[in-house]
Amino acid sequence: MHEPEIDYSRKWYVMSAVAMGIFLATIDGSIVNVALPTLIHELNTTFATVEWVVLAYLLTLATLLLGIGRLGDMIGKKPIYVTGFVVFTIGSVLCGLAPTVEWLIAFRVIQALGGAMVFALGVAIVTEAFPPSERGKALGISGTVVSVGIVVGPTLGGVIIDAISWHWIFLVNLPVGIVGTLLAARFVPNIKPVGRQKFDFPGAITLFVSLLALLLALTWGQEAGFTSPEILGLFGLWALFLAIFVIIEWRSTHPMIELSLFEDSLFSMSLVTGFMTFVAIAGTIILLPFYLENVLGYNTREVGLLLAVVPVMLGIVSPVSGVLSDKFGTRSITVIGLVVLLLGYLAITTLSAETTTWGYILRLAPVGIGMGAFQSPNNSAIMGSVARQRLGVASGMLSLTRTLGQTTGIAVLSAFWASRVMAHTGQILPEGATAAPISAQVVGLQQTYEVVAVMIGLALALSVWGLVQERRLKPAPAPAQPAPKFSPPE
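Remember, it's a predicted structure, so these values are computed and weren't measured experimentally.

### Here we look at the overall build of the chain
Scanning the chain from N- to C-terminus turns up 16 helices and zero strands. Residues counted as buried form 58% of the 490 residues belonging to the chain. Relative to all contacts within the chain whose residues are 6 or more apart in sequence, the contacts with residues 24 or more apart total 83%. Carbon and sulfur atoms form 68% of the exposed surface of the chain, whose accessible area is close to 20600 Å².

### Some remarks on helix α13 (residues 330–348)
In an α-helix, one full turn covers 3.6 residues, which means residues spaced three or four apart are oriented alike. If you check α13, its first and last C-alpha atoms are 27 Å apart, about what 19 residues at 1.5 Å a residue would give, namely 27 Å. Within α13, burial applies to Thr-330, Arg-331, Ile-333, Thr-334, Val-335, Gly-337, Leu-338, Leu-341, Leu-342, Gly-344, Tyr-345 and Ile-348.

### Digging into unusual backbone geometry
Even without being a glycine, Asn-44 presents a positive backbone phi close to 55°. Mapped onto the elements, Asn-44 comes out in the loop between α1 (11–42) and α2 (47–75). Given the relative accessible area of 73%, Asn-44 is considered exposed.

### Details of the environment of Ala-112
Tracing the backbone shows Ala-112 in helix α4 (residues 101–129). The buried category is assigned to Ala-112, whose relative accessible area is 0%. A C-alpha to C-alpha distance of 8.6 Å links Ala-112 and Val-87, two positions 25 residues apart in sequence. Here Ala-112 is in contact with Tyr-57, Thr-60 and Leu-61, once residues within four sequence places are set aside.

### Side note on the nonpolar core
Ranked by size, the top nonpolar core spans 143 residues in total, and within it Leu-39, Tyr-81, Leu-104, Tyr-291, Leu-292, Tyr-345 and Tyr-360 carry the most contacts. Ranked by residues supplied to this core, first place goes to α1 with 18 residues. When sequence neighbours within four positions are dropped, the list of residues in contact with Leu-39 reads Asn-44, Thr-45, Val-50, Val-53, Leu-104 and Trp-166.

### Thoughts on the confidence of the model for the chain
Looking at the chain as a whole, the pLDDT averages 79, with 85% of positions reaching at least 70. Here helix α5 (residues 135–163) stands out as the least confident element of the chain, with mean pLDDT 71; α13 is the most confident, with 90. Within the model, the stretch residues 476–480 combines pLDDT values under 50 with zero contacts to residues more than four positions away or in other chains.

The rules behind the values
Residues numbered from 1 in each chain as written. Predicted model: local features only at pLDDT ≥ 70, side-chain atom pairs only at ≥ 80, totals over all residues. Heavy atoms only, no water. Helix = DSSP H or I, 4+ residues; strand = E, 2+ residues; numbered from the N terminus. Buried < 20%, exposed > 50% of the residue type's maximum accessible area, 1.4 Å probe, protein only. Contact = heavy atoms within 4.5 Å. Areas by Shrake-Rupley, 256 points an atom, 1.4 Å probe, with all protein chains shown as cover. Expected span 1.5 Å × (residues − 1). Core = buried A, V, L, I, M, F, W, Y, C linked by side-chain atoms within 4.5 Å. pLDDT = per-residue confidence, 0-100.

This is the structure we're talking about:
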């Protein structure tokens, strides 16, 4: 069977439908981040508990993304994508009606089920709708939509929380969800997969158990300690089921992940560096609201505006870097992005209790610029290295690295920050690290971002290696043939 022809003339309609899904998911996540300090007080809970409002969502996403990506390659992407819109919208309304933090966490799981359907297939749908020569531009525009959602989220969230209540930060998703569902149903093409494929249930189950054990270990380890027997047991369970999953995938005729994809070292490197940048950005997003509110004394509305610095710069740079990557190649642009990103995180290590508004903006701007320059070309490199019939899986893997990076960053960097704050306080505080003296919170923040800077430095080294390897493997141009000699007629 031949692959179905794609009608590229409808590419911008498809982009508009997918953009609504991206916008819906990102605005929700960014609104929740700015609301965390408020939720601690309003729901009478602690920092460790309120983290689960974010982590329950990310954990559900991470365990479902690859399975949904595989289903999209099997039965078609459109029905799953449209269903995801509906489920996400219903979950948002339930979150807005949640009476306690426990109910809120439970409803976030429902919301994440719909989010997984949208996230897992959005990049694949855009990649499929645009010709390869415009892939970087298309993914750059997608990155801009992410940034717009992240910008609008904190700003709108700050205004809503200040003027009404936190419940409405979820209820604002309802009109966006309705419009997005209609757009997806109307414009996303219903491309039927080529050939008959079977779903890899053993692989899906073992991967689910493995990821669940890993994420629970990372999150529960914050309170129980990462060396406690229960947490070590979860890490062991993760390693065991990961090994079983790899064995199943090697033997399966229809694997969830074709492990041969990882034989491409540049593909693997792009996933790893992407994961590392998402670990860093997640730690930034989770800690900065507490720094801005507790240390610098800004109100919720001002915090929302200041949190927009990174996504605004990301949104400006992302489409530009996508276009440049189409013209000059992806690898060199990602290296430039990581250099700027490293400079930004080094600047953040100097944040203090005396930092001015402009001092904060100038330190955070390079993080947004660097992330914008890196992300679009890196995504384009990943999606451009797989065949069309594997776009769903590749999109799911890309979303999984982002989600795992965010979950790991929130869990590990929050735990590291809290441990450093407690160490500088000299005692365990029942109210948590946010109740520690300002000086201890600031030193803990600086040390946390020193760790982040080291990690981004490693990502930069990997990306430079990838650039060298790519240029080494690039075929040399064929030698020019000598022009035929002219022989005058006799």
